[in-house]
Amino acid sequence: MEFIDIVGVWIAAILTIGITSISFKETFFSRWSEVTYLAMGTLTSIVWFPTDLRRYVLERVAPGGAWIPLGPRGGYLFVIFAVLIGIIAYGRYSRKYFWLYRYYLSLSVGTGIGVAMRGFIGANFLDQIRANFLSLVVPGDAYTSFNNTVMCVVVLSSLIYFIFTFKAIENPTVRRISIIGRYFMMIAFGVTFGTGITTRINQYAGRIEFLIIEWLGIKPIA
Amino acid sequence: MAEKPELKEKKTIWDKLQDLPVSSLFILVILSMSIIYVYPIGLPVPITQMAKDTFNALNTLPSGSYIWIYNAYATGSIAVHEPGLIAILRHSIAKHFKIILWSADTPIMLFPRVLEKIKPDLDRANYVYGKDWAYLYIPGGEPIWANILQDVWSVVTVDKDGKPFTQMPLMVDIKNRGPTYNSVNIVFFQTTGGETVDGMVRQVNVRYHQMTGVRLIGQILEIMVPAARPYYNAGNMDGIMNGGVGAAEYELLLGRPGAALKVTDMLSLAQLIVLAYWAVGNVGFFMKRYSRASVPKGGG
């Protein structure tokens, strides 16, 4: 391993320990490690900025030195428009020009919603309703029958929990069903919480692996 | 005026069980994870149907198919996503797929780590960069993905290193086949953000599945799986790689044990410790409640 690599491993190890120490107590060391990590992330974006500018602006405005006003890839008029929209985003930092920032925001949000809406009805609405039309009895497959029944009960009771408009919700039977729905939702939130712990442990496993192998140089026993 | 002495309630054993110091949990988890990493015991990794479906989505495609890989992970989730990417790449190379990766800046900076591990596979299968596989630098979200699938040449015309598409037979071939979606048989994405799953389902599955039969699989963090599972149940996604555990399952199915399987013992043991703490805390909570309830109520 070269000297520069050794220095890199030590810096990474110190920062890992520093950020881990926040779990025990917030200290100057932990804050410094955290801020350094954030600074590195910001620095990465800045380093890539000239590449973005070259590839998405300069090479489009004048690919190979030739100016293309309007071509198959938009040409420079579209690019200049996009760059202008990008520049007015910085209006956010000025009280005087804040109104310009709103144009940028409305355009980007509008574009995002427009693109997303095209598939939204299918993915989040129709397909989900279709997926819940399940046979309660699947001949010869008790496990699937049970699963489908549970799914139907969960979907219906959870939906009833969110009905606030009708008088029927005051009916004791309907209220009981909505309570069942609430319990199922609590189970779902519990599952999410549990998987959250798994995720964090899994992410930290990578750092332990790094500390053991690369920093301490210990080889695991196969 | 004399100060009134503070009445301190004596802590019972049940109180202590409820208030076990969190730092002790962290120390125990870190120590046990470190020890079991050095001395693995090989706890079993059961293979779920979801993992099998993810594997089969790729495995049942014919040789020469096009796989598009969008990797959007950063340093924080290397342990989860890197083994998953390596497993998918190894599988794709073994199946002789045409591979097109695309990502923003950070995954490109992390890619040499992956390349080092898959290089023997690439060499063995005589993969040539630009002809059989390519890596594109494309920042941006859902609107960009929609454009990529429509016409990748309209989004970018050079690869991550600035090499023009005109010098890459793979990209020229994609252009000659018409709209880009004609050259997309399967999309595999890796992400740590929930909006990527929604966006990919909308732009890949909903728009093109019926038209071209494109398949969609993704590796997401374990915490995101409960929210993404309805897409899998509804058929919007052909498979989900469940974080690091999913990567370990994939490695087993592929028959190429790797980095994900190495950390499964750590995960299992750490989870058991968390579970033990949870149980102890709950015992304290319920016993305290029980002991309070059993104290006879007195007057005066």
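Presented here is a report on the structure given in the accompanying data block. (Residues numbered from 1 in each chain as written. Chains lettered and ligands numbered in written order. Predicted model: local features only at pLDDT ≥ 70, side-chain atom pairs only at ≥ 80, totals over all residues. Heavy atoms only, no water.)

**Some details on the pairing of strand 6 (residues 239-242) of chain B**
Residue and element names in this part refer to chain B.
For step 1, the next point in the chain: For strand 5 (residues 215-220) and strand 6, the ladder comprises four bridges, and the chain directions are parallel. Note on strand 6: the bridge partner recorded for Gly218 is Ile240.
For step 2, the next point in the chain: For the handedness criterion, the β-α-β arrangement of strand 5, helix 10 (residues 225-233) and strand 6 is classed as right-handed. (Pairing = 2+ DSSP bridges. Helix = DSSP H or I, 4+ residues; strand = E, 2+ residues; numbered from the N terminus. Right-handed = clockwise from strand over helix to strand, strands pointing away.)

**Section: the packing of aromatic side chains**
Residue and element names in this part refer to chain B.
For step 1, the next point in the chain: Taken as a whole, this structure holds 17 aromatic pairs over all chains when the rule is applied.
For step 2, the next point in the chain: An aromatic cluster of three or more residues is present, and its members are Trp68, Tyr70, Trp102 and Trp145.
For step 3, the next point in the chain: Geometry around Trp153 places Lys175 over its ring, the cationic atom sitting 4.4 Å from the centre. (Phe/Tyr/Trp six-rings, centres within 6.5 Å; stacked < 30°, edge-to-face > 60°. Lys NZ or Arg CZ within 6 Å of the ring centre and 35° of its normal.)

**Some remarks on the interface of chain B and chain A**
For step 1, the next point in the chain: Residue-level contacts link 58 residues of chain B with 49 residues of chain A.
For step 2, the next point in the chain: At the boundary of chain B with chain A, total buried surface from both sides reaches about 4,400 Å², with 65% on carbon and sulfur atoms.
For step 3, the next point in the chain: Linking chain B to chain A there are zero salt bridges.
For step 4, the next point in the chain: Across the contact surface, chain B and chain A share 10 residue pairs in polar contact (both at pLDDT 80 or more).
For step 5, the next point in the chain: Counted by class, the side of chain B that touches chain A contains 35 nonpolar, 15 polar and eight charged residues. (Contact = heavy atoms within 4.5 Å. Buried area = accessible area lost by both parts, 1.4 Å probe. Salt bridge = Lys/Arg side-chain N within 4 Å of Asp/Glu carboxyl O. Polar contact = N/O pair within 3.5 Å; in protein donor to acceptor, adjacent residues only side chain to side chain. Nonpolar A, V, L, I, M, F, W, Y, C, P; charged D, E, K, R; others polar.)

**Examining the nonpolar core**
Residue and element names in this part refer to chain B.
For step 1, the next point in the chain: Grouped together as the largest cluster of nonpolar side chains are 44 residues, with contacts concentrated most on Trp68, Trp102, Leu136, Val152, Met171 and Met200.
For step 2, the next point in the chain: Sort the elements by how many residues they give to this core and helix 9 (residues 194-212) lands first, with five residues.
For step 3, the next point in the chain: Counting residues in each nonpolar core, the second largest holds 39 residues, with Tyr73, Tyr135, Tyr137 and Phe188 among its members. (Core = buried A, V, L, I, M, F, W, Y, C linked by side-chain atoms within 4.5 Å. Buried < 20%, exposed > 50% of the residue type's maximum accessible area, 1.4 Å probe, protein only.)

**A short note on the sheet that holds strand 1 (residues 66-72) of chain B**
Residue and element names in this part refer to chain B.
For step 1, the next point in the chain: Ordered in space as 3-2-1-4-5-6, the six strands form an open sheet in which the pairing is parallel. Across the chains shown, the open sheet's two edge strands, defined by having one partner strand only, are strand 3 (133-137) and strand 6. Strand after strand, the sheet turns through a mean of 15° between neighbouring axes, direction not considered.
For step 2, the next point in the chain: When strand 2 (residues 98-103) meets strand 3, the two strands line up parallel, connected through five bridges. (Axes fitted to C-alpha atoms, helices over the stretch in contact; angles between N-to-C directions.)

**Remarks on empty space enclosed by the protein**
All names here are of chain B.
For step 1, the next point in the chain: Going through the model one piece at a time under the given rule, you end up with one cavity of 30 Å³ or more.
For step 2, the next point in the chain: Put simply, the largest cavity is a space of about 60 Å³.
For step 3, the next point in the chain: Together, Trp68, Trp102, Trp145, Ile148, Leu149, Val184, Val187, Met200 and Val204 line the largest cavity.
For step 4, the next point in the chain: Secondary-structure elements contributing two or more residues to the lining of the largest cavity are helix 6 (142-150) and helix 9.
For step 5, the next point in the chain: Element by element, the count of residues in the lining of the largest cavity is highest for helix 6, at three residues.
For step 6, the next point in the chain: Split by residue class, the lining of the largest cavity holds nine nonpolar, no polar and no charged. (1 Å grid on protein atoms, 1.4 Å probe; cavity = no way out; pocket = protein on both sides within 12 Å on 5 of 7 lines; lining within 4 Å. Points joined across faces, edges and corners; volume = space filled by probe spheres on them.)

**Some points on helix 9 of chain B**
Residues and elements named next belong to chain B.
For step 1, the next point in the chain: With 19 residues, helix 9 should cover 27 Å at 1.5 Å per step; its first-to-last C-alpha distance of 25 Å lies within 8% of that length.
For step 2, the next point in the chain: The sharpest bend along helix 9 measures roughly 30° and falls at Asn205.
For step 3, the next point in the chain: Regarding helix 9, the residues found buried are Thr196, Val197, Gly199, Met200, Val201, Arg202, Gln203, Val204, Asn205 and Tyr208.
For step 4, the next point in the chain: In the segment just after helix 9, Gly213 is the residue with positive phi, at about 75°. (Expected span 1.5 Å × (residues − 1). Bend = angle between axes of the 7 residues up to and from the residue.)

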